[in-house]
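# Topology and contacts: notes
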Amino acid sequence: MNQAWWKEAVIYQVYWRSFKDSNGDGMGDLQGVIEKLDYIASLGVDVIWLNPCYTSPDVDNGYDISDYYTIMEKAGTLSDLEELIAAAHERGLKLILDLVVNHTSDQHAWFEESRSSKSSEKADWYIWQDGVKGTPPNNWRSYFAPSPWTWDETRAQYYFHSFASEQPDLNWENRDVRQAIYTMMRWWTDKGIDGFRMDVINLIKKRATFDDVENPLDLSYLGNQPGVHDFLQEMHQEVLAGTDLFTVGEIPFVGPEDGLLYVGEDRNELRTLFHFEVADDMETMDLPRFKQIQKQWYEALYPHGVASQFLNNHDHTRQVTRFGSERYRIESAKLLGLMLHTLPGIPYIYQGEEIGMTGIRFSDPDAYQDVAFRNQYAERIAAGESPGTVLSSMQMRARDNSRTPMQWSARQSAGFTESTNPWMTVNPNYLDINVEAAEQDQNSVLAFYRILIALRKTHPVMVYGVYRDLAIQDPYLYVYERELDGVTWRVILNVHDEPVTTTFALPEEQLLLTNHEVHDHKQFAPYEARLYQYKVH
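As the structure is a computational prediction, the values presented were derived from the model and not from experiment. (Residues numbered from 1 in each chain as written. Predicted model: local features only at pLDDT ≥ 70, side-chain atom pairs only at ≥ 80, totals over all residues. Heavy atoms only, no water.)

Counted according to the given criterion, the structure contains 39 aromatic pairs. Judged by centre distance (5.1 Å) and plane angle (80°), the rings of Tyr 39 and Trp 408 are edge-to-face. Residue Tyr 39 is found in helix 2 (residues 37-42), and its partner Trp 408 is found in the loop between helix 12 (387-394) and helix 13 (435-439); the two are separated by 369 residues along the sequence. With a relative accessible area of 6%, Trp 408 lands in the buried category. Aromatic pair Trp 172 and Phe 231: ring centres 5.6 Å apart, planes at 45°, arrangement tilted. Of this pair, Trp 172 sits in the loop between strand 8 (157-160) and helix 5 (175-190) while Phe 231 sits in helix 6 (residues 228-240), and the two are 59 residues apart along the sequence. Take Trp 172 and Phe 231: they sit in the same class, and that class is buried. These aromatic residues form a ring-pair network of at least three members: Tyr 54, Tyr 68, Tyr 69, Trp 110, Trp 125, Trp 187 and Trp 188. Here the basic side chain of Lys 122 rests over the ring of Trp 125, its NZ or CZ set 4.7 Å away from the ring centre. (Phe/Tyr/Trp six-rings, centres within 6.5 Å; stacked < 30°, edge-to-face > 60°. Helix = DSSP H or I, 4+ residues; strand = E, 2+ residues; numbered from the N terminus. Buried < 20%, exposed > 50% of the residue type's maximum accessible area, 1.4 Å probe, protein only. Lys NZ or Arg CZ within 6 Å of the ring centre and 35° of its normal.)

Next up, the structure:
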């Protein structure tokens, strides 16, 4: 595998509105991120991924952009972002922005002009279809609504939106649209950013026809359509070619058989991708299935491409709650960290993951702010389901699970804000789970993450080593190796809340890292994780 800085990197995701409030209004902001840059740098990470902070009506927490060139007032100002870029670079950190170009806000000037008239200059910058009011053009669904079609009175047509009705999809078939996006991307790279996380980037190409589909609930018809690679290769040529920019594409509906088309080093498209065979499709940890997914993606990509490793982010419930155990919070937080940082691919840390933050379950549906939750909850209640049943079925996967404020200390509002009214409820367990407490504990999840990241900097096997699964059918133990230049790492994980005895021969050489005191080398406690190193003589 070719070596590159970005393959060796660790990415830290900052969901700024929940990270740190600098002005006491209850909302995190860019100055708050600047305030905590030394903390981020102390982790040893290389890249900050900043969620959208562009001007937005904020229907979908910034993913509905009304101006790509300005900053929303809640976050700060353009000069704040310029200061953040410079301050990150001073600390050796790169910064990437969210690129949201499948859709805009319905308050974007482009859409306002497009809807104004069928003969306007930007009439076909969005996707419009005729139809009878009250009868959408087809039976499709959107992610956030029963239909992806909304009737516009002014234009007397339906417009298409893969997400909320306030997020109309751009028409990428229009060359002027594409050129406007490339111009905007170059403007930001000229500002000094180091790349982009590309939101649902493989949805930009639509199906050739808008005919009805057999199963509207299977949303795969929204993405990964023929022709998407032409757009991505054009984007590469127009913006990315000849640069060292980092790009990661959010690529739903893609399996390993298609993955290399997006990230193959000879393809000139993306550096790496997020797939969702785990985060979207696996309700809780199914270890044999997880192993198969890892094996299939490794065999499909390596050595010609690289995937990303993550189990949680701003859209997915915190990994300890969903894939680990709150009963064994510390052990499972460390195990999941060790697993993701030693599997093939680029590891991402979602803010608070490094201290073992957990998800939250609100007992009142009105406490959820996420537009996806609100729309789906209302739809199901309208269909006759009981409120209690709907709420309990949605709590685990609600996106607000991961959006509660960062827990800095045991002080008021977890040290996130001086306000007594933060924008989102703080998880009550902040009194025990917070950065300040973790800094004082040499055995904390935080200390463990720093060790993991330091290992990545000094052991190429962690990045470039071949991967072998040694127990792919075992329902509890995950046993795998990474090997490079005669050095082998063996990772043994008990992904289970009961003790397990192994029959595997354990390496006689160095135990590099463990999350549990080892009393019996054959016995693994609940969520015990070990990393061995040995050399082949």
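Moving on, we come to the sheet that holds strand 20 (residues 529-535). With respect to topology, five strands assemble into an open sheet ordered 14-15-16-20-18, the strand pairing being antiparallel. Unpaired on one side and paired on the other, strand 14 (466-469) and strand 18 (510-514) mark the two borders of the sheet. Adjacent strand axes in the sheet meet at a mean angle of 20° when their direction is disregarded. Across eight bridges, strand 15 (residues 477-484) lies against strand 16 (residues 487-494) in antiparallel orientation. In the strand pairing of strand 16, Tyr 478 is matched with Leu 493. Packing of helix 8 (residues 287-301) onto the sheet brings it into contact with strand 14 and strand 15, and relative to strand 15 it is tilted by some 20°. (Pairing = 2+ DSSP bridges. Axes fitted to C-alpha atoms, helices over the stretch in contact; angles between N-to-C directions. Contact = heavy atoms within 4.5 Å.)

Right, let's talk about the pattern of salt bridges for a bit. Considering all chains together, one arrives at 33 salt bridges under this definition. Linking Glu 153 and Lys 133 is a salt bridge whose minimum nitrogen-to-oxygen distance equals 2.4 Å. Residue Glu 153 is located in the loop between strand 7 (149-152) and strand 8, and its partner Lys 133 is located in the loop between strand 6 (128-129) and strand 7; the two are separated by 20 residues in the primary sequence. Where Asp 315 meets Arg 403, a salt bridge forms, and the shortest distance between an N and an O atom there is 3.0 Å. With Asp 315 in the loop between strand 12 (308-309) and helix 9 (319-323) and Arg 403 in the loop between helix 12 and helix 13, this pair connects stretches of sequence that are 88 residues apart. This pair shows no difference in class: Asp 315 is buried, exactly as Arg 403 is. Three or more residues are tied together by salt bridges with common partners; here these are Asp 60, Asp 315, Asp 370, Arg 399 and Arg 403. (Salt bridge = Lys/Arg side-chain N within 4 Å of Asp/Glu carboxyl O.)

With respect to the helices and strands, the residue Asn 434 is situated in the loop between helix 12 and helix 13. Apart from the residues lying within four places of it in its own chain, the contact partners of Asn 434 are Ile 355, Gln 407, Trp 408, Ser 409 and Ala 410.

Bringing the sheet that holds strand 2 (residues 47-50) into the picture now. Spatial ordering of the open sheet is given by 11-10-9-5-2-1-13-12, a layout of eight strands whose pairing is parallel. Two strands bound the open sheet, and with one partner strand each, they are strand 11 (272-274) and strand 12. For strand 9 (residues 195-198) and strand 10 (residues 246-250), the ladder comprises four bridges, and the chain directions are parallel. Opposite Phe 196, over in strand 10, you have Thr 247 as the bridge partner. Contacts from helix 5 reach strand 5 (94-99) and strand 9 within the one sheet, and its direction differs from that of strand 9 by about 135°.

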